[in-house]
Amino acid sequence: MPDQLVHWMHDAPPEPPYYATVFSSVKRDPRPGYDAMDEATMRAVTELDGYLGHQLVHQGDRSLFIAYWRDLEAIDAWREHTLHRMAKEKGRSDWYQRYRFEICRVEQASEFERHE
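Note that the structure is a prediction, hence the values are computed from the model and not measured.

**Student:** Quick one: what's the story with the packing of aromatic side chains, residue by residue and with numbers?
**Tutor:** With the rule as written, the count across this model stands at nine aromatic pairs. Ring geometry for Trp8 against Tyr68: centres 4.9 Å apart, planes inclined by 40°, an arrangement best described as tilted. Residue Trp8 is located in strand β1 (residues 7-8), and its partner Tyr68 is located in strand β4 (residues 62-69); the two are separated by 60 residues in the primary sequence. Across this residue pair, the class does not change: Trp8 and Tyr68 are buried.

**Student:** Could you give me a rundown of the sheet that holds β4, with the residues and numbers involved?
**Tutor:** Pairing is antiparallel in the open sheet, where five strands are placed in the order β1-β3-β4-β2-β5. Unpaired on one side and paired on the other, β1 and β5 (96-106) mark the two borders of the sheet. For strand β2 (residues 18-27) and β5, the ladder comprises ten bridges, and the chain directions are antiparallel. Considered in β5, the bridge of Val22 is made with Glu102.

Criteria and thresholds
- Residues numbered from 1 in each chain as written.
- Predicted model: local features only at pLDDT ≥ 70, side-chain atom pairs only at ≥ 80, totals over all residues.
- Heavy atoms only, no water.
- Phe/Tyr/Trp six-rings, centres within 6.5 Å; stacked < 30°, edge-to-face > 60°.
- Helix = DSSP H or I, 4+ residues; strand = E, 2+ residues; numbered from the N terminus.
- Buried < 20%, exposed > 50% of the residue type's maximum accessible area, 1.4 Å probe, protein only.
- Pairing = 2+ DSSP bridges.

So, in structure tokens, the structure goes:
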């Protein structure tokens, strides 16, 4: 579904509670190697136990990436993943002007979709 808000791993949202990590950023330009690392990390994270899905919004050089996780242990596993650590290091040295990272517990979730 091209207009879906969240790209869930199993085509449907899980029942709460679960966790969301919110990564908001302002990117620098140029960003050599960024696109390749972005693709590699997205492939890697989908193989990680406990990753549930994501959503992404871009506006110019600003991005908001929200990843959904089963539990805090899954978030920690991604935090310690070698590829993620490499991307984080490169992001700080070259790709980002600034960023903010937050972890949130999702207690309730609802959706609406108009069918016409």
